[in-house]
Amino acid sequence: MRITMLALALGAGAAAASEDIADKYPGSELYDKPVEVIPHVFSAIGATAPPTYENAGHNNNLSFVLTGDGVVVINGGASARLAEALHDEIRAITDQPVRLVINENGQGHAMLGNSYWAGLGVDILAHEDAIHEIEENGDFILRGMQGYNRDRAEGTTVVVPNRSFTDREVIEMGDVTLEVLHLGPAHGPGDTQVWIPQWGIVIAGDIAFHERMLPIFADTDTDAWIETFEGPFAALEATYVIPGHGHPTNMAQVTRYTSEYLRDIRDRIGAHLDEGGDLASSYYVDQQRWAHLDTFEELATKNAGRVFEEMEWE
């Protein structure tokens, strides 16, 4: 099940992803079984598709690191049941206890499983802005998950992380030093990256995309996202990248499908504005270059409209 170093170096191509692929691990709540990306770092790769009952909301990456003195989990999961399924896989791999869970942001698939981990007494860490998002919108997010997940939502409640950080928190555990970072504005409030410099790997969260089209929210600052990505994130010079969604890859791949996409859509909307175009017609700017990405149909027009509304007042 290990993804080889060569495959990582070459990058998992976007064409390999498909939102039409059925659940890959029908014996588990997880969409797919965790793989060992590099020694001691595992990730259960979620579906590159919207959350559904069929994928149990596992449409992001649930990662974990074996430190020698405990396990650090990155992302609580979309439900208590999904978190428990991940824990079952961890216990099949190691006797090390889970000592810390990190939420990469305040979205449901990052934090709704907190209720399972908190019930075990595990500390949960998130950026202060992500915590504010959970406090403000957690109940709404929970209701949305209950809507598509039905019985699979059983036992899930909103649990706010008990630990917070602002810019950087260093976790030293066993033989591993993890830097928990908020490098700047990106996809959403409190976006968090977990950098392990000794191994050259970054568990990037939603600052980086490649196999599925990235979503732009109503409050996303795309210009700031580009600056954060091309500045402090690129400066890490990571060899291996586990993005928030899609298979582990490298910086070249996530650069192409994150900052290059953001620059392209901004250029096209900028030209549309210069020509006197309005919001209604902005939805139809040419994005065919990116049509092979999963979730293109769901997101391309929305992204164009949101970038128009952002750039109209720049």
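Definitions and cut-offs
Per chain, the residues get numbers from 1 upward, laid out in the order the sequence is written. Residues qualify for local features only when their pLDDT is at least 70, as the model is predicted, and side-chain atom pairs are given and counted only at 80 or more; totals for whole chains, interfaces and linings, by contrast, use all residues. Hydrogens and water molecules were not included; the side-chain quantities draw on all heavy atoms of the structure. For two strands to pair, DSSP has to find at least two bridges joining them. Helical segments are the DSSP runs of H or I of at least four residues, strand segments are the runs of E of at least two, and each set is numbered from the N terminus. Structural elements are reduced to axes, namely lines fitted to C-alpha atoms, with helices fitted over the stretch in contact, and the angle between N-to-C directions of any two is expressed from 0 to 180 degrees. Stacked, tilted and edge-to-face are the three classes assigned to paired rings of Phe, Tyr and Trp, where Trp is represented by its six-membered ring and a pair needs centres within 6.5 Å; plane angles under 30 degrees give stacked, over 60 edge-to-face, the rest tilted. Each ring is checked for a lysine NZ or an arginine CZ that lies within 6 Å of its centre and within 35 degrees of its normal; such an atom marks a charge sitting over the ring. Along the chain, pLDDT gives the predictor's confidence residue by residue, from 0 to 100. It only takes one pair of heavy atoms within 4.5 Å for two residues to be counted as in contact. The hand of a helix crossing depends on one turn: near helix anticlockwise from the far one by less than a right angle means left-handed, and clockwise means right-handed. The buried label goes to any residue with under 20% of its type's maximum accessible area, the exposed label to any with over 50%, and the partly exposed label to all in between, with areas taken from a 1.4 Å probe on protein chains only.

A. Geometry of the sheet that holds strand E12 (residues 240-243). Reading across from one edge, E8-E9-E10-E11-E12 is the order of the five strands in this open sheet, with mixed pairing throughout. Each of the sheet's edge strands pairs with one partner strand only, and the pair in question is strand E8 (168-173) and E12. The sheet shows a mean angle of 20 degrees between the axes of neighbouring strands, taken without regard to direction. Where strand E11 (residues 201-205) lies against E12, four bridges are found, and the strand directions are parallel. Following the sheet pairing, valine 202 is matched in E12 by valine 241.

B. Inspection of the packing of aromatic side chains at higher detail. Counted under the stated rule, the structure contains six aromatic pairs. Consider the rings of phenylalanine 42 and phenylalanine 64, whose centres lie 5.1 Å apart with planes at 5 degrees: the pair is stacked. Note that phenylalanine 42 is positioned in strand E2 (residues 41-44) and phenylalanine 64 in strand E3 (residues 62-66), a separation of 22 residues in sequence. Note that arginine 150 overlies the ring of tyrosine 53, its terminal NZ or CZ placed 4.0 Å from the centroid. A cation over an aromatic ring shows up here: arginine 152 above the ring of tyrosine 53, its NZ or CZ 4.6 Å from the ring centre.

C. Just the environment of alanine 49, in detail. Of note, alanine 49 is situated in the loop between E2 and E3. In sequence terms alanine 49 and arginine 212 are 163 residues apart; their C-alpha atoms lie 7.7 Å from each other.

D. Spotlight on the confidence of the model for the protein. Confidence in the prediction for the protein averages 94 pLDDT; 93% of positions are at 70 or higher. Contacts from residues 1-19, a stretch scored under 50 in pLDDT, to residues over four places away or in other chains number 50 contacts.

E. How the structure looks around the packing of helix H8 (residues 259-274) against helix H10 (residues 296-311). Look at H8 against H10: their axes get within 10 Å of each other, and the N-to-C directions meet at 65 degrees. Classified by chirality, the crossing of H10 by H8 is right-handed. Packed against H8, whose contacting residues are Tyr261, Ile265, Arg266, Ile269, Gly270, His272 and Leu273, the element H10 presents Asn303, Ala304, Val307, Phe308, Glu310 and Met311 at the interface.

F. Just the side chain of histidine 109, in detail. For histidine 109, the location among the structural elements is in helix H3 (residues 108-111). On the accessibility criterion, histidine 109 (12% relative accessible area) is buried. Residue contacts for histidine 109: discarding those within four places in its chain leaves Gly57, Asn59, Asn60, Leu62, Asn75, Gly77, Ala78, Asp206 and His245.

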